[in-house]
Amino acid sequence: MGCYDCCMRCLGGVPYCSLVATLLCFSGIALFCGCGHQALTETERLIETYFARNLQDYITLAYIIQYFQYVIYGLASFFFLYCIMLLAEGFYTSSAARQTFGEFRSTMCGRCLSSSFIVMTYGLAALWMLVFALSALPVYFLYNMTSTCNTIDVLTETPASINQLCVDARQYGLLPWNAVPGKACGMTLSAVCKTREYQMTYTLYVAAFAGAGITVLALLTYTVSTTYNFAVLRYLGRKGIGARC
């Protein structure tokens with residue numbers, strides 16, 4: 001067999017759906033975990049600097065942020081390993097395995113493993129949709145804060161109206177109701193929005209939100225590929241046909 005035929009045979013057995021899903025998943029998780037971790041750090045700094053003067057007012061928030069950062073470490077490790085396993089499963093059920101190791105035969109163990117991947121991937125996709133929705137909350141909060149700051153910049157000629165425009169972190173559950181000052185109003189709020197820390201935090205949360213959306217897309221792609229591969233194992237395995245998804 002020539003080099004060209006060998007390359008075509010190998011390329012013909014690549015599980016392209018699983019490969020695309022893996023690249024999407026790696027990209028999405030990297031964005032969500034990396035940007036989300038730094039965004040939480042910047043959030044703590046903003047709360048400490050502009051919304052709370054007493055350490056006891058935001059100590060609970062600091063512990064929650066630290067907890068979520070540890071969760072992010074675990075998510076990054078888990079999805080890295082899980083995506084590798086799904087990609088390996090895609091290669092295993094592709095025609096490349098049949099062409100390399102001989103006539104393809106599905107086994108009870110292989111079908112059980114594929115069905116387990118389907119159930120886990122569907123569950124992760126549903127769970128990650130919830131994460132995707134929750135990751136929109138800080139973006140919504142910062143969007144409202146930015147809109148308020150833009151309104152303040154427009155109404156600079158009426159100081160009385162400006163002082164009535166505030167963002168209260170206590171309303172969003174970030175601080176207890178007895179926290180001082182707990183909110184920023186008027187030109188103070190406008191100054192906060194113009195800081196580098198605030199702009200970076202907003203950008204990081206948007207990137208984390210986008211990463212969560214990319215991960216959802218990757219998991220949905222995985223559900224299609226794993227379901228197809230299971231169907232091939234279940235119905236076409238005895239005929240020696242390998243899955244290409």
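Going by what an unreviewed UniProt entry lists, the chain is known as Proteolipid protein 1a and is assigned to Takifugu bimaculatus.

A tally of helices and strands in the chain yields nine helices and two strands. When the helices and strands of the chain are placed in sequence order, the string is α-α-α-α-α-α-α-β-β-α-α. Taken across its 245 residues, the chain has 41% of its residues classed as buried. Counted over contacts in the chain with a minimum sequence separation of 6, partners at least 24 positions apart contribute 80%.

Let us look at the packing of aromatic side chains. By the definition in use, this model includes eleven aromatic pairs. Measuring from ring centre to ring centre gives 5.8 Å for Tyr-67 and Phe-68, while their planes differ by 70°; the resulting arrangement is edge-to-face. Residue class for Phe-68 comes out partly exposed when judged on its relative accessible area of 44%. Taken together through their ring pairs, the aromatic side chains of Phe-32, Phe-78, Phe-79, Tyr-82, Phe-117 and Trp-128 make up a single cluster.

Right, let's get into unusual backbone geometry. For the bond from Val-180 to Pro-181, the omega torsion is -5°, close enough to zero to count as cis. Here Pro-181 is to be found in the loop between strand E1 (166-168) and strand E2 (183-185).

Take the packing of helix H6 (residues 136-154) against helix H8 (residues 186-193) next. Close contact between H6 and H8 brings their axes to 9 Å; oriented N to C, the two are set at 120°. Of the possible angle classes, the one that applies to H6 and H8 is oblique. For the pair H6 and H8, the sense of crossing is left-handed. Contacts between H6 and H8 involve Met-145, Thr-148, Cys-149, Ile-152 and Asp-153 on the former and, on the latter, Gly-186, Met-187, Leu-189, Ser-190, Val-192 and Cys-193.

Right, let's talk about the pattern of salt bridges for a bit. A complete count under the given rule lists three salt bridges for this structure. In this structure, Glu-42 and Arg-45 form a salt bridge, with 2.8 Å as the shortest nitrogen-oxygen distance. One end of the pair is Glu-42 and the other is Arg-45, both in helix H2 (residues 16-51) and three residues apart, which spans about a single turn. The exposure class of Glu-42 is buried, given its relative accessible area of 5%. A salt bridge links Lys-194 to Asp-153; the shortest N-O distance between them is 3.9 Å. Highlighted residues: Lys-194 in the loop between H8 and helix H9 (196-236) and Asp-153 in helix H6, separated in sequence by 41 residues. Exposure remark for Asp-153: the relative accessible area of 31% places this residue in the partly exposed category.

The next point concerns the UniProt feature "transmembrane region" (unreviewed entry) in the chain. Sequence positions flagged by UniProt for "transmembrane region" (unreviewed entry) are, in local numbering, residues 70-92, 113-137 and 204-224. In this annotation, residues 70-92 is assigned 100% helix and 0% strand; the end-to-end C-alpha distance for the span is 33 Å.

What follows is about the nonpolar core. Judged by nonpolar contacts, the single largest core of 50 residues is most densely connected at Trp-128, Met-145, Leu-175 and Leu-189. Counting residues per element, the ones that place at least two in this core are H2, helix H3 (55-92), helix H5 (108-134), H6, H8 and H9. Aside from chain neighbours lying at most four places away, what touches Met-145 is Phe-51, Val-167, Leu-189, Val-192, Cys-193 and Tyr-198.

Counted according to the given criterion, the structure contains two disulfides. Across a sulfur-sulfur distance of 1.8 Å, Cys-149 and Cys-193 are joined as a disulfide pair. Negative torsions about the S-S bond denote left-handed disulfides, and the value of about 55° found for Cys-149 with Cys-193 makes this one right-handed. Of this pair, Cys-149 sits in helix H6 while Cys-193 sits in helix H8; the two residues are 44 residues apart in sequence, bridging distant segments of the chain. With respect to class, Cys-149 is no different from Cys-193; both count as buried. At a sulfur-sulfur separation of 1.9 Å, the disulfide partner of Cys-166 is Cys-185. Across the S-S bond of Cys-166 and Cys-185 the torsion is about 110°, and the bridge reads as right-handed. Of this pair, Cys-166 sits in strand E1 while Cys-185 sits in strand E2, and the two are 19 residues apart along the sequence.

Calculation rules
Residues numbered from 1 in each chain as written. Predicted model: local features only at pLDDT ≥ 70, side-chain atom pairs only at ≥ 80, totals over all residues. Heavy atoms only, no water. Helix = DSSP H or I, 4+ residues; strand = E, 2+ residues; numbered from the N terminus. Buried < 20%, exposed > 50% of the residue type's maximum accessible area, 1.4 Å probe, protein only. Contact = heavy atoms within 4.5 Å. Phe/Tyr/Trp six-rings, centres within 6.5 Å; stacked < 30°, edge-to-face > 60°. Axes fitted to C-alpha atoms, helices over the stretch in contact; angles between N-to-C directions. Parallel < 35°, antiparallel > 145°, perpendicular 65-115°, else oblique. Left-handed = near helix turned anticlockwise from the far one by under 90°. Salt bridge = Lys/Arg side-chain N within 4 Å of Asp/Glu carboxyl O. UniProt positions renumbered as here; feature names shortened; annotations may be inferred. Core = buried A, V, L, I, M, F, W, Y, C linked by side-chain atoms within 4.5 Å. Disulfide = S-S within 2.5 Å.

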